[in-house]
Amino acid sequence: MRTLPADVTRLSKTSGVEFPMAPSGAHPEEFVAKAISTPTFERHGLSDEQLTWMLHNMYLQRMLDNRGFQLNRQGKIPFATGSEGHEGIHAGTGLAFARGRDILVPYYRDMGLCIGVGMPPLQVLLSMFARGRDVSAGRQFPNHYSYHSLGILSISSIIAAHCPHAVGAAYAMKLRNESGRAVLCTFGDGSTSQGEWHESINFASIHKLPIVFLCENNEWAISTPRSQQMAIENIIDKAPGYGLPGVKVDGSDPIAVYAVMSEVLERARSGGGPTLVEATCYRFLSHTTDDDDRTYRTREEIERHRHLDPVPRFEALLIEHGVVSSERASAMKRDVLHEVNAVTDEAEALPYPEAHELYRAVYEGAYEPWL
Amino acid sequence: MALASTETTVMNNVEAVRTTLYEALKADERTLIMGEDVGARGNVFLITKGFIEEFGPERIIDTPLAEASIVGIAVGMAMEGLRPIAEIQFADFIYPAFNQIVGEAAKTRYRSNGDYTCPLVIRTPYGGGVRGALSHSVSIEALFYHVPGLKIVAPSYPADMKGLLNAAIDDPDPVLFLEHKKTYRLVKGEVPNGHYTIPIGKADIKHAGDKLTVVSYGLYVHQAVEAAKRLASEGTSVEVIDLRSIRPMDRTTILASVRKTRRLLIIHEDNKFGGIGAEISAMVVEEAFFDLDAPIRRLCGPDVPAMGYAAPLEEEFMISTDRMADAMRDLAAF
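Numbering of residues begins from 1 in every chain and follows the order in which that chain's sequence is written. Chains carry letters from A onward and ligands carry numbers from 1 onward, assigned in written order. Where totals are concerned, whole chains, interfaces and linings use all residues; where local detail is concerned, this predicted model gives features only for residues with pLDDT of at least 70, and gives and counts side-chain atom pairs only at 80 or more.

Once that is clear, we can look at the pairing of strand 11 (residues 238-242) of chain B. Residues and elements named next belong to chain B. Counting other C-beta atoms within 10 Å of a residue's C-beta gives its exposure: the residue is buried at 20 or more, exposed at 12 or fewer, and partly exposed in between, where C-beta atoms are placed from the backbone. Where helices and strands are cited, they refer to DSSP runs of H or I of at least four residues and of E of at least two residues respectively, numbered from the N terminus. Of all five residues in strand 11, five are buried; the element is thus mostly enclosed. Any two strands are treated as partners once DSSP identifies two or more bridges connecting them. Alignment of strand 10 (residues 212-216) against strand 11, held across five bridges, turns out to be parallel. Across the sheet, residue serine 216 finds its bridge partner in strand 11, namely aspartate 242. Assessed by its sense of winding, the connection that carries the chain from strand 10 through helix 9 (residues 219-233) to strand 11 is right-handed. By definition, the crossover connecting two strands over a helix is right-handed if that path, from the first strand to the second, turns clockwise as seen with the strands pointing away from the viewer.

Below you can see the structure in the form of structure tokens.
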């Protein structure tokens, strides 16, 4: 197993890759690992190709994200949800995910992660435009994907209701002795207030299930700041009470995210049990196109966090260390824009689902409450 | 009904459920049972007694006390290819799991357009008359039968218990399986040996007649049959239909009977307002209004939050066989 990146400081006495289970009565800080944000360049075994893939993925996320807001403001789609600020988490995690083996149980702010594990960008636009060829045939809100062939579970919008589903999927893996597979369950900071979130990590820890819980802590749950959501600073401090290790990582740094996520996923795949990861980031946009964040946070606060924007930060890092040239970066952005324009046009030109689609897939076979 | 054997065994409802679960665990390694106290204790009614020794703690899971995740984890298992049978210890405890049943299990197939399905059984004992007070007596079916995507069955005869539980386990969609706890040891009957299923959505005529139709389910079917026998001795022929399935419901059997008898009495333990009887009544009025010779009558639980612990409070809530017989006489004489 890989060691953790240098910018993750372990407060436990153990070093390297060991994650001790919470000893009974132990103070949380004795075994909770925490991260300190330092934008240093440490490859963690990643090739130029992999680093460039992450940058490309982040460009793609950002442009797809912007496209949703643009289409909404143009009156072409009723609704969009942005993930601006989460790109580092999604790129690093997407690279650590084992395609064809792992299962992703995402939440609605994970468009970029779904792209990162292989979902075609066209699906994002089909979902935005609610076209008949969308996986849900236009039923679901944007960003609520289901992609069984890629291991992406279907989700609802109910916060943390998907966490027990992830645990159930991990239980199935364990029952069938499918070592080498893990479930990745993601959620925001607000989710950790829900009872089902607590029930889920408790059950996963009792049964040492092959699962990683990844909190994308962007500090806001619509208009409610983290300080109104919990009385503690660190979400990983919730882990010790359930006997599983917690790791905090700078989510604006995709390499650090990759290093942590690849390690804890591998630990889960090899029978080491669950981990709670907290990846910090900042939500730069309103909650959705229907929200107006000017009603609850200042522009100054947003600007104070601007230096954490993972896309320009990672771009500058790779240029500075010669992984990509600024010309290459510009060309990549141009290509991504062309791709996003192409899938936008393709999706827009496709038809809505037929109205009779409303009546399909209620049960297997025909839908009829009276027989 | 597809029978595996003409041989039968006499058993009560606990034994019927237990036998069915045991055979399902034997037949399909994807099946598992999860719930509170289903392991060493063998469930509070001893339905799963001895299972953990035979099938192991991986398939007979004593869960933490957390109903939302009992159902929610089972949903994830079902989406990922297992055939979980989740147990809610008493139906009164199901409320924390409401979203997982209504918002998640019932919508999995629909929201993913069939990309994922949720073949899940949720078993739970319900119903009163056992001095169970406010939180061990409720009927919950009306809270759930409004929900497309969910199936609900409530058999009350041992042979129906087995056939419908097998059908629920085989079903590709989520099924809420309701077991009236007062019938657990009160009711005995012949149960065919081996595997067989009874189709979900098919009612059964438990007492044939031609003067009056009674539609019921659960404990009250047994009392209604008893009352129908009394009326038969008085010269009034009553047909008693046991719904067995609540969603989907058997319109064909109800309408055929009502068109024959021209009178309909609906009896259920759940309270009247918005109950199952309201939907049946509306359907019969829509479909067979001109075949009726009398107004439809409903004999149901009173509209109070629950039955009390004190004997007079419980007795006031529950409908006696005498009251059923009186209601039948009244409607037959209309």
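The subject of this paragraph is helix 11 (residues 326-349) of chain A. Residue and element names in this part refer to chain A. Multiplying 1.5 Å by the helix residue count minus one yields the expected span of that helix. Relative to the 34 Å expected for 24 residues at 1.5 Å per residue, helix 11 spans 35 Å between its end C-alpha atoms, a close match to the ideal helical length. If you check which residues of helix 11 are buried, you get Val336, Val340, Thr344 and Ala347. Where helix 11 is buried, its residues meet helix 1 (48-73) and helix 4 (121-129). Here, residues touch in the contact sense if the C-beta positions derived from the backbone fall within 7 Å of one another.

Moving on: helix 4 of chain A. An α-helical segment advances 3.6 residues per turn. Residues three or four places apart therefore align on the same side. Residue and element names in this part refer to chain A. In terms of burial, helix 4 is a largely internal element, eight of the nine residues being buried. Those residues of helix 4 that sit buried are Pro121, Gln123, Val124, Leu125, Leu126, Ser127, Met128 and Phe129. For helix 4, the elements touching its buried residues are helix 1, helix 3 (111-116) and helix 11. Looking one or two residues beyond helix 4, the residue adopting positive phi is alanine 130, at roughly 55 degrees.

Right, let's talk about the confidence of the model for chain A for a bit. pLDDT expresses how confident the predictor is about each individual residue, on a scale running from 0 to 100. Taken as a whole, chain A shows an average pLDDT of 90; of its residues, 89% reach a score of 70 or greater. Confidence drops under pLDDT 50 across residues 1-37 of chain A; counting only partners more than four residues distant or on other chains, this segment forms 75 contacts.

The next subject is the sheet that holds strand 9 (residues 204-207) of chain B. Residue and element names in this part refer to chain B. Taken in spatial order, the five strands make up an open sheet running 9-11-10-13-14, and their pairing is mixed. Looking along the sheet, the strands with just one partner apiece sit at the ends: strand 9 and strand 14 (297-301). The mean angle between the axes of side-by-side strands here comes to 25 degrees, regardless of whether they run parallel or antiparallel. Two elements, strand 10 and strand 13 (residues 264-271), share three bridges in a ladder whose sense is parallel. Across the sheet, residue threonine 213 finds its bridge partner in strand 13, namely leucine 264. For helices, the axis comes from a line fit to the C-alpha atoms of the stretch in contact; other axes are also lines fit to C-alpha atoms, and the angle between any two N-to-C directions lies between 0 and 180 degrees.

Residue and element names in this part refer to chain B. Residue ranges assigned to the domains are those given by an automatic or database domain assignment. Annotation of chain B at the domain level lists domain 1 (9-192) and domain 2 (204-332). Inter-centroid distance (C-alpha atoms) of domain 1 to domain 2 is 26 Å. Put simply, the parts of the chain that give the side of domain 1 that touches domain 2 at least two residues each are helix 6 (141-144), strand 6 (151-153) and helix 7 (158-170). In terms of residues, the side of domain 1 that touches domain 2 owes the most to one element, strand 6, which gives three residues.

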